[in-house]
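A structural walkthrough
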Amino acid sequence: MATIGIDATALSAPASGGIGVSQYQTMRALAATCTSHRFVLYAARAPVVPFSDRPLDLPWEVRLGSGLLASSNIAWMQTGVNRLLADDRVEVFWGPRHLLPFRTPGLAKVATVHDFWDRYHPDQQPWINRRLNRLLIAKAISEADVVVTPSDSTARDIPRFVGSVPGDVRVIPWGVDPAVFHPLAEEQIAGVLSRHGVARPYILSLDVFNPRKNFLAALEGVARLSEELRTSLTVIGVGVPRKTATGTAVQARADVLGLGERLRLVGDVRPDDLAALYSGALALVHPSVYEGFGMPVLEAMASGCPVVTASRSSLPEIAGGAALLVDPTDPAELARAITLVAADEGERARLVSAGLVRAADFTWRRTAEEMVAAFERALVIRSAMAARRAS
């Protein structure tokens with residue numbers, strides 16, 4: 001049995017995004033399936049369940065930071081955590097968001113690199129954040145015994161943006177929780193739609209204030225629909241404004257396109273409400289210009305929702321032929337895809353059926369099992385290195 005330490009700093013804030021959700025779900029599956037190792041979590045502040053204020057509900061020890069360094073997740077995880085790792089005799093450390101502790105000789109390390117969005121869209125991140133992010137990712141890759149990515153797309157980007165990798169690289173896809181994301185009964189859907197003031201038919205988009213998700217292109221596509229279809233559809237946008245985009249900019253564009261009364265912005269929603277929004281939607285329209293994985297595509301397919309998404313980055317890989325792929329910069333192509341889903345019942349049924357089959361391939365249990373194999377591989381690599389030094 002090995003003691004495995006895990007960076008839980010991504011879970012210190014409720015809205016921890018895709019990285020927080022993927023880490024939490026992976027850890028839940030590890031706790032349910034892996035009894036051969038001991039797990040200890042490390043965080044500068046108390047971690048919570050993503051998109052809630054509930055304390056983390058895992059049967060593992062949690063070590064919290066203290067002192068000045070604990071005011072910064074990055075600083076504490078790279079230096080302040082070292083004494084705790086030594087006290088707990090941690091043998092393998094997993095950095096789920098490409099942070100690894102400095103000056104820890106003999107410690108086997110696994111780093112997850114989710115994406116390289118800042119390389120493709122540097123204008124969407126302040127230069128100092130961009131510079132720090134690139135340094136941290138490069139350092140993690142250079143020090144990790146095993147580098148994990150959620151997609152082949154991200155794995156291919158490592159040599160392009162960072163160079164050679166001294167350790168192993170493993171593609172371990174995320175999963176989807178079928179207890180939450182599955183086709184729901186009409187009465188369940190109706191209750192959620194009523195609570196959010198949503199009328200059918202509607203199309204759904206997520207993280208709509210994030211420029212990288214390209215929601216304005218979705219609006220442009222809707223504006224090019226036939227008058228009959230356009231005036232019958234509601235566009236539902238999930239998410240809250242970020243520093244790089246405001247709610248007024250999205251609403252203003254909708255007003256200019258004549259869609260102001262068709263747009264309904266519902267903010268962040270709980271996972272069970274999101275499952276209902278997927279289940280009741282005509283389609284998820286996700287014309288993102290870059291993804292390291294593409295969780296909304298997987299969640300929508302698992303919920304029986306047809307998907308229209310971009311033919312870029314990891315999205316074709318995750319969709320696996322079970323979605324309509326479009327050029328995210330071409331509003332006319334988006335409009336044609338939305339029209340096809342709305343007008344062709346046979347195509348809609350095909351997308352629902354194919355999506356359910358595709359989503360079933362992605363389980364958190366499989367993710368957890370492959371992560372255990374990565375931890376054990378890192379131990380083997382580190383042990384071999386120690387043996388070579390001793391000989």
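Quick caveat, the model's predicted, so the values are computed rather than measured.

Inspection of the entire model under this criterion finds nine aromatic pairs. Aromatic side chains phenylalanine 116 and phenylalanine 161 sit 5.5 Å apart centroid to centroid with 35° between the ring planes, which places their arrangement in the tilted category. Linking phenylalanine 116 in the loop between β5 (108-112) and α4 (117-120) with phenylalanine 161 in helix α6 (residues 152-161), this pair joins segments that are 45 residues apart in sequence. A single burial state applies to phenylalanine 116 and to phenylalanine 161, both of which are buried. One aromatic cluster is present, formed by Phe39, Trp60, Trp94 and Phe375 through successive ring pairs.

Residues Val146 and Val148 point to one face of strand β6 (residues 146-149) and Val147 and Thr149 to the other, with burial holding for every one of them. Across four bridges, the pairing between β6 and strand β7 (residues 168-171) is parallel. In the sheet register, valine 146 faces β7, and the bridge partner there is aspartate 168. Note on the crossover from β6 through α6 to β7: the handedness is right-handed.

Judged by nonpolar contacts, the single largest core of 70 residues is most densely connected at Met27, Val110, Leu204, Tyr278 and Phe375. At eight residues, helix α16 (residues 364-390) tops the list of elements feeding residues into this core. The residues contacting leucine 204, other than those within four sequence positions of it, are Ile236, Val238, Leu277, Tyr278, Ala281, Ala283, Leu284 and Val285. Phe215, Leu259, Val285 and Val308 belong to the second-largest nonpolar core, a separate cluster that totals 29 residues.

This next bit is on empty space enclosed by the protein. This model, assessed by the stated rule, comprises two cavities of 30 Å³ or more. Estimates place the volume of the largest cavity at around 110 Å³. In terms of lining residues, the largest cavity is bounded by 14 residues, among which Thr26, Trp94, Thr112, His114 and Trp174 are the most central. Within the residue set of the lining of the largest cavity, elements represented by two or more residues are α1 (17-33), β6 and α16. At three residues, α1 tops the list of elements feeding residues into the lining of the largest cavity. Along the lines of polarity and charge, the residues of the lining of the largest cavity split into seven nonpolar, seven polar and no charged. Considering only enclosed or pocket space, the second largest cavity measures out at about 30 Å³ in volume. Around the second largest cavity, the lining residues are Gln78, His98, Leu99, Leu100, Phe102, Leu136, Lys139 and Ala140. For the lining of the second largest cavity, the element with the most residues is helix α5 (residues 127-143), which contributes three residues. In terms of residue class, the lining of the second largest cavity is built from five nonpolar, two polar and one charged.

For helix α15 (residues 345-359), with 15 residues, the first-to-last C-alpha span of 21 Å sits near the 21 Å given by 1.5 Å per residue. Every buried residue belonging to α15 is among Glu347, Leu351, Gly355 and Ala359, and all of these are buried. Take α15 and look down its axis: the buried residues cluster within an arc of 85°, on one side only. What points out from α15, more than 90 degrees from its buried face, is the exposed set Glu345 and Val357. Measuring from the side-chain oxygen of the N-cap residue of α15 to the backbone nitrogen of glycine 346 gives 3.0 Å; that N-cap residue is aspartate 344.

Helix-helix packing is described using two parameters, namely the angle between the two axes and the distance between the axes. Put simply, helix α8 (residues 215-223) and helix α14 (residues 331-343) touch, their axes get as near as 7 Å, and they point 65° apart. On the basis of the axis angle, α8 is roughly perpendicular to α14. By crossing handedness, the relation of α8 to α14 is classed as right-handed. Between α8 and α14, the contacting residues are Ala217, Ala218, Glu220, Gly221 and Val222 on the first element and Pro331, Leu334, Ala335 and Ile338 on the second. Tallied by class, the residues present in the contact of α8 with α14 amount to seven nonpolar, one polar and one charged.

Relative to the helices and strands, glycine 95 resides in strand β4 (residues 92-95). Overall, glycine 95 belongs to the buried group, its relative accessible area being 0%. For the pair glycine 95 and alanine 140, spaced 45 residues apart in the sequence, the C-alpha separation amounts to 8.5 Å. Excluding residues within four positions of it along the chain, glycine 95 makes contact with Asp7, Leu100, Val110, Ala111 and Thr112.

About the cut-offs
Residues numbered from 1 in each chain as written. Predicted model: local features only at pLDDT ≥ 70, side-chain atom pairs only at ≥ 80, totals over all residues. Heavy atoms only, no water. Phe/Tyr/Trp six-rings, centres within 6.5 Å; stacked < 30°, edge-to-face > 60°. Helix = DSSP H or I, 4+ residues; strand = E, 2+ residues; numbered from the N terminus. Buried < 20%, exposed > 50% of the residue type's maximum accessible area, 1.4 Å probe, protein only. Pairing = 2+ DSSP bridges. Right-handed = clockwise from strand over helix to strand, strands pointing away. Core = buried A, V, L, I, M, F, W, Y, C linked by side-chain atoms within 4.5 Å. Contact = heavy atoms within 4.5 Å. 1 Å grid on protein atoms, 1.4 Å probe; cavity = no way out; pocket = protein on both sides within 12 Å on 5 of 7 lines; lining within 4 Å. Points joined across faces, edges and corners; volume = space filled by probe spheres on them. Nonpolar A, V, L, I, M, F, W, Y, C, P; charged D, E, K, R; others polar. Expected span 1.5 Å × (residues − 1). Arc of directions from axis to C-beta. Polar contact = N/O pair within 3.5 Å; in protein donor to acceptor, adjacent residues only side chain to side chain. Axes fitted to C-alpha atoms, helices over the stretch in contact; angles between N-to-C directions. Parallel < 35°, antiparallel > 145°, perpendicular 65-115°, else oblique. Left-handed = near helix turned anticlockwise from the far one by under 90°.

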